[in-house]
Amino acid sequence: MTQPSLPQPQLESAGITSEQYFEFTPEKLELSDGYLGYGGQDQLGFHLAVLTNMGLLSAIQHTGLSLWLEALDHCIREKLASVNADPEVAEAMLNRFNRAMADLTAVIEYLEK
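Residues numbered from 1 in each chain as written. Predicted model: local features only at pLDDT ≥ 70, side-chain atom pairs only at ≥ 80, totals over all residues. Heavy atoms only, no water.

### Description of the overall build of the protein
And step 1. Counting secondary structure elements, the protein contains 5 helices and 2 strands.
And step 2. Each helix (α) and strand (β) of the protein, taken in turn from the N terminus, gives the series α-β-β-α-α-α-α.
And step 3. Put simply, the protein has 113 residues, and 17% of those count as buried.
And step 4. Intrachain contacts of the protein at a sequence separation of at least 6 include 51% that bridge at least 24 residues.
And step 5. Roughly 8,900 Å² of accessible area belongs to the protein as shown, and the carbon and sulfur atoms make up 58% of that amount.
And step 6. Positive and negative side-chain charges in the protein, numbering 6 and 16 respectively, have mean positions lying 8 Å apart. (Helix = DSSP H or I, 4+ residues; strand = E, 2+ residues; numbered from the N terminus. Buried < 20%, exposed > 50% of the residue type's maximum accessible area, 1.4 Å probe, protein only. Contact = heavy atoms within 4.5 Å. Areas by Shrake-Rupley, 256 points an atom, 1.4 Å probe, with all protein chains shown as cover. Lys, Arg positive; Asp, Glu negative; His and termini not counted. Charge placed at Lys NZ, Arg CZ, Asp CG, Glu CD.)

Now the structure itself:
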C-alpha cells in the first residue's frame, strides 16, 4: 500500500482526502512539552493538513506579518547560500533580495503600527 501524497496548503482553505486524514492524523493527539502530537511520530503531514484546512491566508491573518517575513527571510537566505552561480550573480541576487526585504519590512512596520 502506498502512502498518500502530503497535503498541499493553498491560499484558501481546502479539504484533504480521507486517505490523507487516516495517514497523517495521529490516532491519539497528545500535548507533550507544549507540542501537539503523539510520541516520536513525524508530524509534517499533520501540520500540512491543518494548514491546508485553514488556508494560508487565514493562517497569516492570525499571526504577525513580521513573523512570516522572518520565516521567508530565513528560508530564502538558506536557498541563496546554496545557489551554484557565478559569484557576481549570487551577490546580485543577494543584494536584490536584501532590498526587497528592506522594502517589505518598512511596509509591515507601517501596517503593524
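The discussion continues.
### Topic: the nonpolar core
And step 1. If you look at the biggest cluster of nonpolar residues, it comprises 5 residues: L69, L80, F97, M101 and I108.
And step 2. Elements supplying a minimum of two residues to this core: α4 (65–81) and α5 (87–111).
And step 3. In terms of residue count, α5 provides more of this core than any other element does, 3 residues in total.
And step 4. If we ignore the near neighbours within four places in the chain, the residues touching L69 are M101, L104, T105 and I108. (Core = buried A, V, L, I, M, F, W, Y, C linked by side-chain atoms within 4.5 Å.)

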